[in-house]
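Residue strings, one per chain:
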2 protein chains.
Amino acid sequence: MFAETLAAIHPADPGVLAEARAHQDRLTKPRGSLGVLEEVAVRLAGAAGVSPPPVPEPAALAIFAADHGVHARGVSPWPQEVTVQMVANFLAGGAVANAFAAQVGASVTVVDVGVAADLPDAPDLVKHKIAYGTADLSQGPAMTVDQAVRALEAGISVARDLVAEGARCLVTGDMGIANTTASAALVAAFTGRDPAEVTGRGTGIDDGTYEHKVGIVRAALRTNEVRDPSASPSEALRALAAVGGFEHAAIAGFILYGAAVRVPVILDGVIAGAAALVAAALDPAAIDHCVAGHRSAEPGHAAALAHLGLRPLVDLELRLGEGTGGLLAHPMVCAAVRVMHDVATFDSAGVTEKPV
Amino acid sequence: MFAETLAAIHPADPGVLAEARAHQDRLTKPRGSLGVLEEVAVRLAGAAGVSPPPVPEPAALAIFAADHGVHARGVSPWPQEVTVQMVANFLAGGAVANAFAAQVGASVTVVDVGVAADLPDAPDLVKHKIAYGTADLSQGPAMTVDQAVRALEAGISVARDLVAEGARCLVTGDMGIANTTASAALVAAFTGRDPAEVTGRGTGIDDGTYEHKVGIVRAALRTNEVRDPSASPSEALRALAAVGGFEHAAIAGFILYGAAVRVPVILDGVIAGAAALVAAALDPAAIDHCVAGHRSAEPGHAAALAHLGLRPLVDLELRLGEGTGGLLAHPMVCAAVRVMHDVATFDSAGVTEKPV
């Protein structure tokens, strides 16, 4: 499933990119006056292979939930059971992600890829549990490579089902106490930056815990001898397994499937950014199909986006995860694309164009 | 009508602001993790006088169209007839504002407050023409004070009708070739900044035209002897009449009416920012009811927002006007408020709160 997905990914079509760019310039607005949104629409045309590209509605949010062995090292002030409590909150419709999804008309699917407890069945819960949480990444590999590939295929499978049910935009979400620690380790590994540059305070930690967290990330990279994960797909998978989480692997698969079927993927925060680095190492063309929904307050997120060459749409100091930043961006992405369908050209509207 | 509207405006309720802040902290998310959006929701609660405040849907966009005598001075490369051509484009549904409004479910009303041509009747066109464009602000007052008040009352009247028809959020829009020149003059007048700091390139001008435009703004302030427009409402009206446009006056009235009936107003770009400075000089409490939809590429807009103490939600280098930036922000404003209605508290959801 993983190999088939990779084989189906194509980069943006350069001819369609040029066509979309030219179309933007004929619309009744000063050239470039939609700023970053023009680029979003042009990129999605290139990714879709057709200009204008389809308006990416409806959206489907998948919240990949998992636990982390490194939690035992005291990197977060939140108890691990909050992961399972928040899964219940999502399924009851009581979390911020539910409110935002309702606002933008997106569906919400929760995926257990590695929560450290058995979860009762629920209509919006998909069970792909790989294990009851990862191992402690500071002591050795968080997962085996086989587990990482299974989590990745879980993400592919979820994306495939959502697209089959009619989703035309995939939004990444995540839940997992301590997952910013694994994200920092992945970002450091895949961008080559120092752990101190890319480790943040997650949902809120004091100075002492922060220093400890940086040390844990540093230990994870050293213990697992992570070096150049972008050198080859197998190195990328080894690094993912060594310092990632089940949700990172699953989100990487979710991205790859979107790219394979040319359905745009809106990335949420630092967990998605870290997962996108993995996807890019597996196939750089996958990123042509991604939009950076927002930039979170985590420093590793900015580093990941810079490495991927993506500019975030929402920049409002969100640091919640769950897919909240991605959901907020969805109406803007749709608006950007809708312009290419609905807006008149200077010729058709009889509007005088500025003399060049 | 103007006096009645001013008399009805109340500032945010401090008790409700505190209540909304406390409610935010009980919701199942780390404190502060929604960043700027928490502040938006809290401010709207204070403005509404109730926590949680109503979700501000549906939105109504009003595009105030007018021409500017200063166009004759060569401050824009676009011919003046583009104003009337774009009005036709809005009414035909072919402009970017229409596409964005369709995306967010907002109605579009076009208001002629001073277009330099007679316009045919149309269902979505409201006629409040004060004159066929303003006089050249660099040679003397752009309007009489009486004209400015009539334009302001046109804005009040449009807002009143939209709210009566069910709008629960007002979005400002504008169309008028050369209106960034008048905006720069208003921003310089009301913030005390130098014209060179607050004059921009509008929809796109070369270096020579830019220098000329700064000189025109400087001449407007000198010729009209604009000094301290925030000193009193009458000084504010005199400055508005001297260097503003009919759409600035109308948008100021539109804001005041929203504030008077506690319906939030989402401000678009630099034209709205300049108009909001006028509204704030007439009654500072009006700004408690405003949300800055976006920050445009015009330098005067950032200066206006800083003066008003507003933080923009969208910052994507848009420089189109029409209400496009305000419309993009609308789903985020709704999402911010919806959180206060829909999201569970730690207690109700049985989620363990982080130890403080």
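Quantities reported herein were computed from a predicted structural model and do not represent experimental measurements.

S.K.: Please explain the side chain of Ser51 of chain B as it appears in this structure.
M.R.: Residue placement: Ser51 of chain B occurs in the loop between α3 (36-48) and β1 (59-66). If we ignore the near neighbours within four places in the chain, the residues touching Ser51 of chain B are Val16, Glu19, Ala20, Ala45 and Met340 of chain B.

S.K.: Please clarify how the sheet that holds strand β4 (residues 169-175) of chain B should be interpreted in this entry.
M.R.: Paired through their backbone hydrogen bonds, the strands of a sheet run either parallel or antiparallel. Residue and element names in this part refer to chain B. Pairing within the open sheet is parallel, and its six strands lie in the order β3-β2-β1-β4-β5-β6. Here the strands that pair on one side only, and so sit at the sheet edges, are β3 (125-127) and β6 (290-292). Neighbour-to-neighbour, the strand axes of this sheet turn through a mean angle of 30°, independent of strand direction. In this sheet, strand β2 (residues 107-114) lies alongside β1 in parallel orientation, the contact comprising seven bridges. Counted as the bridge partner of Ala62 is Thr109 from β2. Across the sheet, helix α4 (residues 81-91) is in contact with β1, β2, β3 and β4; its angle to β4 comes to roughly 140°. Against the sheet, helix α6 (residues 145-164) makes contact with β1, β2, β3 and β4, and its axis sits at roughly 155° relative to β1, the strand it touches most.

S.K.: What's the story with the domain arrangement of chain A in this structure? I'm lost.
M.R.: Frequently, the measure chosen for interface size is the accessible area removed from exposure when the parts meet. All names here are of chain A. According to the domain assignment, chain A consists of domain 1 (2-53 + 340-349) and domain 2 (59-331). Of the residues lining the interface, 17 residues belong to domain 1; the matching set on domain 2 comes to 22 residues. In this assembly, domain 1 packs against domain 2 so that about 1,700 Å² is buried in total across both faces, 67% of it on carbon and sulfur atoms. The three residues of domain 1 that bury the most area against domain 2 are Phe2, Ile9 and Arg43, which together make up 38% of that side's buried surface. At the boundary of domain 1 and domain 2, one finds zero salt bridges. Elements represented by at least two residues in the side of domain 1 that touches domain 2 include exactly α1 (2-8) and α3 (36-48). In terms of residues, the side of domain 1 that touches domain 2 owes the most to one element, α3, which gives eight residues. Of the residues contributing to the side of domain 1 that touches domain 2, the split by class is twelve nonpolar, four polar and one charged.

S.K.: Explain α4 of chain B here, please?
M.R.: For an α-helix, 3.6 residues make a turn, and residues three or four places apart therefore share a direction. Taken together, the buried positions of α4 of chain B are occupied by Val82, Thr83, Gln85, Met86, Val87, Asn89 and Phe90 of chain B. Next to the buried residues of α4 of chain B lie α15 (346-349) of chain A together with β1, α5 (96-104), β2, β3 and β4 of chain B. Backbone geometry just after α4 of chain B places Gly93 of chain B at a positive phi near 80°.

Scoring rules and cut-offs
Residues numbered from 1 in each chain as written. Chains lettered and ligands numbered in written order. Predicted model: local features only at pLDDT ≥ 70, side-chain atom pairs only at ≥ 80, totals over all residues. Heavy atoms only, no water. Helix = DSSP H or I, 4+ residues; strand = E, 2+ residues; numbered from the N terminus. Contact = heavy atoms within 4.5 Å. Pairing = 2+ DSSP bridges. Axes fitted to C-alpha atoms, helices over the stretch in contact; angles between N-to-C directions. Domains from an automatic or database assignment. Buried area = accessible area lost by both parts, 1.4 Å probe. Salt bridge = Lys/Arg side-chain N within 4 Å of Asp/Glu carboxyl O. Nonpolar A, V, L, I, M, F, W, Y, C, P; charged D, E, K, R; others polar. Buried < 20%, exposed > 50% of the residue type's maximum accessible area, 1.4 Å probe, protein only.

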